[in-house]
Amino acid sequence: MKKKRAELRKFGLIMGCVIALISGLLYLRHSPAWSVTASVSGFFLITGITLPTILRPIEYVWMKLAIVMGFVMTNVLLTLVYMIAITPIGLIMRLLGKTPLKLRFDRECGSYWLPVDPSGPCGRPDKPY
């Protein structure tokens, strides 16, 4: 699907502004790379304003890269959260003998029904809080 000129113009202006900010930071840190990033920023800004259709292949590659990065980072972040947060909590709960779901069968229990306050949220659906 081809992008419209307005979308390509927006892409060029956003890329130009972000790279200009990076260039400004590099200039403040006295890095010699600021001139290169300033040139790239100027290219995006001028091209985005005058001939945004030239940016079509760059935008295509950028969006494909963004999809791949999003997929990878989502999986990396979810794996890290699982390994750093959920797994240790589960191991600690097992070591302490905690079972929040109460899945074990209790032969001495008369009923598994838990009493509910009649004036609680289930008794008055019109007032959930």
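Structure: above.
Residues numbered from 1 in each chain as written. Predicted model: local features only at pLDDT ≥ 70, side-chain atom pairs only at ≥ 80, totals over all residues. Heavy atoms only, no water.

Chemist: An account of the overall build of the protein chain is needed here, citing residue identities and associated values.
Modeler: Of the regular secondary structure elements, the protein chain holds three helices and zero strands. For the protein chain, the N- to C-terminal ordering of α and β elements is α-α-α. In the protein chain, which comprises 129 residues, the proportion classed as buried is 13%. Within the protein chain, contacts between residues at least 6 apart in sequence are counted, and of these 57% link residues at least 24 apart. Accessible area of the protein chain: about 11200 Å², with a carbon and sulfur share of 72%. (Helix = DSSP H or I, 4+ residues; strand = E, 2+ residues; numbered from the N terminus. Buried < 20%, exposed > 50% of the residue type's maximum accessible area, 1.4 Å probe, protein only. Contact = heavy atoms within 4.5 Å. Areas by Shrake-Rupley, 256 points an atom, 1.4 Å probe, with all protein chains shown as cover.)

Chemist: Report on the packing of helix α1 (residues 5–28) against helix α3 (residues 56–96), specifying residues and quantitative values.
Modeler: Contact geometry for α1 and α3: axes closest at 10 Å, N-to-C directions at 75°. Taken together, the axes of α1 and α3 are roughly perpendicular relative to one another. For the pair α1 and α3, the contacting residues are Leu8, Phe11 and Met15 in the first and Arg56, Ile58, Glu59 and Trp62 in the second. When grouped by side-chain class, the residues that make up the contact of α1 with α3 number five nonpolar, no polar and two charged. (Axes fitted to C-alpha atoms, helices over the stretch in contact; angles between N-to-C directions. Parallel < 35°, antiparallel > 145°, perpendicular 65-115°, else oblique. Nonpolar A, V, L, I, M, F, W, Y, C, P; charged D, E, K, R; others polar.)

Chemist: Tell me about the environment of Pro88, and name the residues and values.
Modeler: Among the structural elements, Pro88 can be located in helix α3. By relative accessible area, Pro88 is classed as partly exposed at 30%. Residues within four places of Pro88 in sequence aside, it is in contact with Tyr82 and Met83.

Chemist: Just give me the short version of α1, but keep the residues and values in it.
Modeler: The end-to-end C-alpha separation of α1 is 34 Å, in line with the 34 Å expected for 24 residues at 1.5 Å each. Within α1, burial applies to Leu8, Phe11, Gly12, Met15, Gly16, Ile19 and Ser23. Trailing α1 by a residue or two, His30 shows a phi angle of about 60°, which is positive. (Expected span 1.5 Å × (residues − 1).)

Chemist: Give a detailed account of the packing of aromatic side chains, specifying residues and quantitative values.
Modeler: Here the distance between the centres and the angle between the planes together describe a pair of aromatic rings. This model, assessed by the stated rule, comprises four aromatic pairs. A ring pair is formed by Tyr27 and Trp34, whose centres lie 4.9 Å apart and whose planes are at 75°; its orientation type is edge-to-face. Centre to centre, the rings of Phe105 and Tyr112 are 6.3 Å apart; their planes meet at 45°, and the pair counts as tilted. Three or more aromatic residues joined by ring pairs make a cluster, and in this case those are Phe11, Phe43 and Phe44. (Phe/Tyr/Trp six-rings, centres within 6.5 Å; stacked < 30°, edge-to-face > 60°.)

Chemist: Describe in detail the nonpolar core, supporting the description with residues and values.
Modeler: Membership of the largest hydrophobic core is limited to five residues, which are Phe11, Met15, Ile19, Phe44 and Leu55. Counting residues per element, this core draws most heavily on α1, at three residues. Residues in contact with Met15, not counting those within four places in the same chain, are Phe44 and Trp62. (Core = buried A, V, L, I, M, F, W, Y, C linked by side-chain atoms within 4.5 Å.)

Chemist: Account for α3, with residues named and values stated.
Modeler: The terminal C-alpha atoms of α3 lie 58 Å apart, and with 41 residues this matches the ideal 60 Å at 1.5 Å per residue to within 8%. Along its length, α3 reaches its greatest deviation from straightness, about 35°, at Tyr82. Phi turns positive one or two residues past the end of α3, at Gly97, with a value near 75°. (Bend = angle between axes of the 7 residues up to and from the residue.)

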